[in-house]
Amino acid sequence: MSWLQRLYQTYEAASQNADIQAQDQKLMPYYHVNQNVQIIVTINDKGDFVRAEVCRDDNGKVKSKSLAIPATNDSATRSGQIPPPHPLSDKVQYLAGDYFEGYAVNPKRDFHQSYLELLSSWCESQCVHPKAQAVLTYVKKGTLVKDLIDAHVLITDPDDRSKLAYPEQASDYPDSILAALNKNKGVFDQGAAFIAWNVIASSLDSPIQHVTETWRDNSLFAAWQQFYATLDSTDGFCYITGNTSPLASKHPNRILRSATNAKLISANDATGYTFRGRFTDTTGMQAAGISAVVTEKAHAALSWLLSRQGREEAGQAIVAWSISGIEVPQPTSVAAPLDVLDASKTSDNDGNDFEEYDDDEASDTGPTFQHRNDLGYRFATHLRNTLQGYRQQLPEHQQISIISLEAATPGRMAVTYYHESMPSEYIDALQAWYTQFAWYHTYRDDDSNQQRLGIQSPTPKQIAQVAYGARLSDALKKQVVAQVLPCIVEGEARRFPRQLVELCIKRACNPLALEHWEWEQALSTACALYRGYYLRQSDDKKRSYTVALQPELTSRDYLYGRLLAVAEDIESLALYVAGEKRNTTAQRYMQQFANRPFTTWRNIELALKPYENRLKSNRGGYLAKKQQLIDEIMSAFTSDRFTDDSALSGEFLLGYHSQKMQFKLDKEYAKAEVENDSDAA
């Protein structure tokens, strides 16, 4: 029950924090729900009608307002033929005694009596509030619909002024309440309009406070909370607080937006248990008990955290939080990417710059740069600076909690993962994930709305899409996220699942089966996972890969990957010069190359000859450098390793993609250098 305890403590801390309560997404009072309201009715503390108005936005347009209203566990999730009422604010058909008596057309059910009974029981208790008493006094008069018609809020039937209109088109009554209502069976039912109360003082000695709106009155919230908590009369030991208090027999829902009826704690079967175990009663009180107030506060805190900083998709939600309410980085969010071009135009922290050398074809490709700096190191520095702000904000001994929820059915959900750690450990774990699994990725810049090349780690959702395809089921996607989440929040203590690495490598080796952008994403993700997987293999120090190209790495798979990238670059330029748009031989043979590299390379090399001949006349300098690079890579092989025709590991993708990115960066840097020189001139 540690997660319930942490959520309860979070609610207590956040409710006392004025800064949090002043935010737009403030903590909801427990035993309350947010409700779309269409009408505000103002009465005085004696229960007299004052005025009524339709809700509007800042521009004066008719629009519902989302307001906090008191609710019971039943009314918060009401359904059925006669849904249970809310205790104070509700629809016209619940509040108006004269709705079914005279104004409704073909009335079938009267909701008013159940509403009166609930509100009366509150007002007859010791927890009565002046505003609730004023509302009860007014609704007992049974004149609400008449007052709303006189205030020109509700619309009557043009042919019978004693009945409400049920129009089929809202445009028939412009600038009316119909614009904020939904159709029900083809017509607009004004009885479904939701009303909230505004109670004003009738004299200077009135008990009504300065806050007249019921949806903003903390004293009204507290009065309802105290009353409703006493309705569960069974006292018992609360395992969260350690005190004897009324225990909860029902627990809230509305935690997930995608599964509003799903409950974390639920037991509604008093008979016919498949297995009872040690429990012999029908109330469930022999099990671990939780007080009604604690479960309400804990669930309210969880709902608030998910809406404020969590991630939810397809019935699965993940959020990390601190008890104090200070926002913490989320484990499934994307770390701020490092723009490769901007980051590499200046020297690194060790003072290493780029070394320029001449190119006799500078007019075609621009000057080329040799990169001494490690882009992965740059990203690690960039990330460390980003996370440093969180380290400074979070108190040293403030515990971080991470929870994952999943709705298995529309009415049930479960905690599928829960982890606690200290702030330093959590930040270290995130930093380890973002650095070890970092690789080249294309992202869209929010400011310029352009595609940029950066370095970042893949998200669990991206990993799922690459491993199983973009059309994977929600169940499979949630399964992958559940597998990856512990690897993120627990740091190097968790090794990454080998199966996901192999699946991503397999898809990255088949570019012809994917759209170009899909293949680029698959290639980046596969490289990131392969690199991160072996960086976490503490017993394999030889596989310490960097993001930038490693010319000194002479393993067979890495060298074969570099060869493939050089062949593709040569053919790509030849196709561009000829104005042709099609896949290169390297791309078409990639899957075969991964399975039989020596045999396939011979075919690629022979297919490359016509393109090399095409470039000799107008790209001679470029071709000479690429042929020289091929010779350098070939000389790094030993004869037995080069002729080995066994399948390549995912390491060849690292060599292939790093070499491709090296070519791309050379051209971009050269282009930027030429532009800078022209601006300076």
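Predicted model only: the values in this text are computed from it and were never measured. (Residues numbered from 1 in each chain as written. Predicted model: local features only at pLDDT ≥ 70, side-chain atom pairs only at ≥ 80, totals over all residues. Heavy atoms only, no water.)

> Help me out: how do you make sense of the overall build of the protein in this one?
Scanning the protein for helices and strands turns up 24 helices and 21 strands. Residues counted as buried form 51% of the 681 residues belonging to the protein. Considering only contacts in the protein between residues 6 or more positions apart, those separated by 24 or more positions represent 68%. Within the structure as shown, the protein displays about 32200 Å² of accessible surface, and the carbon and sulfur contribution to it stands at 45%. (Helix = DSSP H or I, 4+ residues; strand = E, 2+ residues; numbered from the N terminus. Buried < 20%, exposed > 50% of the residue type's maximum accessible area, 1.4 Å probe, protein only. Contact = heavy atoms within 4.5 Å. Areas by Shrake-Rupley, 256 points an atom, 1.4 Å probe, with all protein chains shown as cover.)

> What should I look at first to understand the sheet that holds strand S10 (residues 194–200) in this one?
Strand pairing in a sheet relies on backbone hydrogen bonds, with the paired strands running either antiparallel or parallel. Taking strand neighbours across the sheet as the criterion, the 4 strands line up as S3-S2-S10-S5 in an open arrangement whose pairing is mixed. Single-partner strands in this sheet number two, and they are strand S3 (49–54) and strand S5 (90–91). Where S5 and S10 come together, 2 bridges link them in antiparallel fashion. Within S10, the residue paired with Asp-90 across the bridge is Ile-195. Seen against the sheet, helix H6 (residues 130–139) touches strand S2 (39–44), S3 and S10 and runs at an angle of roughly 115° to S10. (Pairing = 2+ DSSP bridges. Axes fitted to C-alpha atoms, helices over the stretch in contact; angles between N-to-C directions.)

> I'm lost on the environment of Arg-161 in this one. Help?
As for its position among the elements, Arg-161 is in strand S7 (residues 160–164). By relative accessible area, Arg-161 is classed as exposed at 60%. A distance of 3.1 Å separates polar atoms of two side chains, one belonging to Arg-161 and the other to Thr-156. (Polar contact = N/O pair within 3.5 Å; in protein donor to acceptor, adjacent residues only side chain to side chain.)

> Which parts of the structure should I look at to understand the nonpolar core?
Generally speaking, nonpolar side chains in soluble globular proteins are found buried as a group. Trp-433, Tyr-440, Phe-496, Phe-652 and Leu-653 are the most contacted members of the largest nonpolar core, which has 95 residues in total. In terms of nonpolar packing, the next biggest core, distinct from the first, is built from 90 residues, Ala-134, Val-145, Val-294 and Ala-301 among them. (Core = buried A, V, L, I, M, F, W, Y, C linked by side-chain atoms within 4.5 Å.)

> What's the story with the confidence of the model for the protein in this structure? I'm lost.
Summing up the model confidence of the protein, the mean pLDDT is 85 and the portion of residues at 70 or higher is 89%. Every residue in residues 343–373 scores below 50 in pLDDT, and together they form 65 contacts with partners more than four places removed in sequence or on other chains. (pLDDT = per-residue confidence, 0-100.)

> Explain the sheet that holds strand S21 (residues 451–456) here, please?
With respect to topology, 3 strands assemble into an open sheet ordered S15-S21-S20, the strand pairing being antiparallel. The sheet terminates laterally at strand S15 (338–339) and strand S20 (439–444), the two strands that pair on one side only. Here 2 bridges tie S15 to S21, and the two strands are oriented antiparallel to one another. Paired with Asp-339 across the two strands is Gly-454, which belongs to S21.

> Would you take a moment to explain the packing of helix H14 (residues 460–468) against helix H15 (residues 474–489) for this structure?
Axes are the key here: two packed helices are described by the angle between their axes and the distance separating the axes. The geometry of H14 relative to H15 is characterised by a closest axis approach of 9 Å and an angle of 130° between their N-to-C directions. With respect to each other, H14 and H15 are oriented oblique. In the packing of H14 onto H15, the handedness of the crossing is right-handed. Side by side, H14 and H15 meet where Pro-460, Lys-461, Ile-463, Ala-464 and Tyr-468 of the first sit next to Leu-476, Lys-477, Val-480, Val-481, Val-484 and Ile-488 of the second. Looking at the contact of H14 with H15 residue by residue, the class counts come to 9 nonpolar, no polar and 2 charged. (Parallel < 35°, antiparallel > 145°, perpendicular 65-115°, else oblique. Left-handed = near helix turned anticlockwise from the far one by under 90°. Nonpolar A, V, L, I, M, F, W, Y, C, P; charged D, E, K, R; others polar.)

> Could you clarify how one ought to interpret the packing of aromatic side chains in this entry?
Pairs of aromatic rings are described using the distance from one ring centre to the other and the angle between the two planes. All chains considered together, the criterion is met by 26 aromatic pairs. Ring geometry for Phe-593 and Phe-652: centres 6.1 Å apart, planes at 55°, overall tilted. In this pair, Phe-593 is assigned in helix H20 (residues 590–595) and Phe-652 in helix H24 (residues 651–680), connecting sequence segments 59 residues apart. You'll find Phe-593 and Phe-652 in the same group, each marked buried. Ring-pair connections join several aromatic residues into one group, and the members of that group are Tyr-11, Tyr-30, Tyr-31, Trp-122, Trp-224, Phe-227 and Tyr-228. One cation-aromatic arrangement involves Lys-626 over Phe-663; the distance from NZ or CZ to the ring centre is 4.6 Å. (Phe/Tyr/Trp six-rings, centres within 6.5 Å; stacked < 30°, edge-to-face > 60°. Lys NZ or Arg CZ within 6 Å of the ring centre and 35° of its normal.)

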